[in-house]
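# Residue-level structural notes
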Amino acid sequence: QAIQEWLNGTDLYRDARSHLATTIYNGLTGRMTDGDRGIEYKDFYVLLKREHPNKSIDELVAPVTAAFFNTPRHLFSQPFFLGNQDVYRDLVMLSEQGQTISQPSLMAFILSVLDLKGNEKVLEIGAGSGWFAAWMSLLVGHVDAVERIPGLVSQARISIDRTLRTEKVKIFKG
């Protein structure tokens, strides 16, 4: 049902996803200074500036946060994640198999540092739910992702097929 809501534009998570995307964008571009999260984001901002001293941070971060917004994390977290976790908090999520869906701000930082051009071919080891591979696929030419747990492989394939409807992501068991 969540997939159909997302496809029909009645996504109940849209506001939460938008809020987290905005938080990540503001944090990575140095616009957030409140509390402990601001300190962590400040570190990300400093590292981005160091790695790309002649590049606009907005230019690095904007495509990443837009791709995040267009990759519905809640559709990759069901049905195998524990408890009633809030999928749009900036936290790692734990699966029944002991795997995780990574913290969105850390993954956004990694994608921003990479300064992707859109034609890259990426190999991801440890695909888990497929969420990060799906997110990356909106920024690169192609993603091959490998996962060792059969249940996660099949669920990742289903989630990617239903949400992205693209051939740019392939999930392999390995």
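Please refer to the structure higher up on the page.
Cut-offs and rules
- Residues numbered from 1 in each chain as written.
- Predicted model: local features only at pLDDT ≥ 70, side-chain atom pairs only at ≥ 80, totals over all residues.
- Heavy atoms only, no water.
- Pairing = 2+ DSSP bridges.
- Helix = DSSP H or I, 4+ residues; strand = E, 2+ residues; numbered from the N terminus.
- Buried < 20%, exposed > 50% of the residue type's maximum accessible area, 1.4 Å probe, protein only.
- Phe/Tyr/Trp six-rings, centres within 6.5 Å; stacked < 30°, edge-to-face > 60°.
- Lys NZ or Arg CZ within 6 Å of the ring centre and 35° of its normal.
- Salt bridge = Lys/Arg side-chain N within 4 Å of Asp/Glu carboxyl O.

### A closer look at the pairing of strand β3 (residues 121-125)
As defined by bridge partners, β3 adjoins strand β4 (residues 142-147) across five bridges and the pair is classed as parallel. Pairing of I125 across the sheet is with V146, part of β4.

### What to know about helix α6 (residues 104-114)
Of all the positions in α6, only P104, S105, M107, A108, F109, L111 and S112 are classed as buried. A positive phi of about 50° marks D115, the residue just after α6.

### Focus: the packing of aromatic side chains
A full pass over the atoms with the stated rule returns five aromatic pairs. Considering the side-chain rings of F44 and F109, the 4.7 Å spacing of their centres and the 15° angle between planes classify their relative orientation as stacked. In this pair, F44 is assigned in helix α3 (residues 35-51) and F109 in helix α6, connecting sequence segments 65 residues apart. Both residues of the pair, F44 and F109, count as buried. Residues F132 and W135 carry aromatic rings whose centres are separated by 5.8 Å and whose planes lie at 90° to one another, so their mutual orientation is edge-to-face. Of this pair, F132 and W135 both sit in helix α7 (residues 131-137), three residues apart, roughly one helical turn. Across this residue pair, the class does not change: F132 and W135 are buried. An aromatic cluster is defined as three or more aromatic residues linked by ring pairs; in this entry it consists of F68, W131, F132 and W135. Seen from the ring of F69, R17 lies directly overhead, with NZ or CZ sitting 4.8 Å from the centre.

### Side note on the pattern of salt bridges
All chains considered together, the criterion is met by six salt bridges. Across the salt bridge formed by R31 and D58, the nearest N and O atoms sit 2.9 Å from each other. Of this pair, R31 sits in the loop between α2 (14-28) and α3 while D58 sits in helix α4 (residues 57-69), and the two are 27 residues apart along the sequence. The class of R31 is partly exposed, set by a relative accessible area of 46%. A salt bridge links E59 to K55, with the nearest nitrogen and oxygen atoms 3.5 Å apart. Relative accessible area serves as the criterion here: at 49%, E59 is assigned to the partly exposed category. The exposure class assigned to K55 is partly exposed, which follows from its relative accessible area of 22%. Each of K55, E59, D115 and K117 takes part in one network of salt bridges that share partners.

Purely geometric stuff here, so don't read any function into it on its own.
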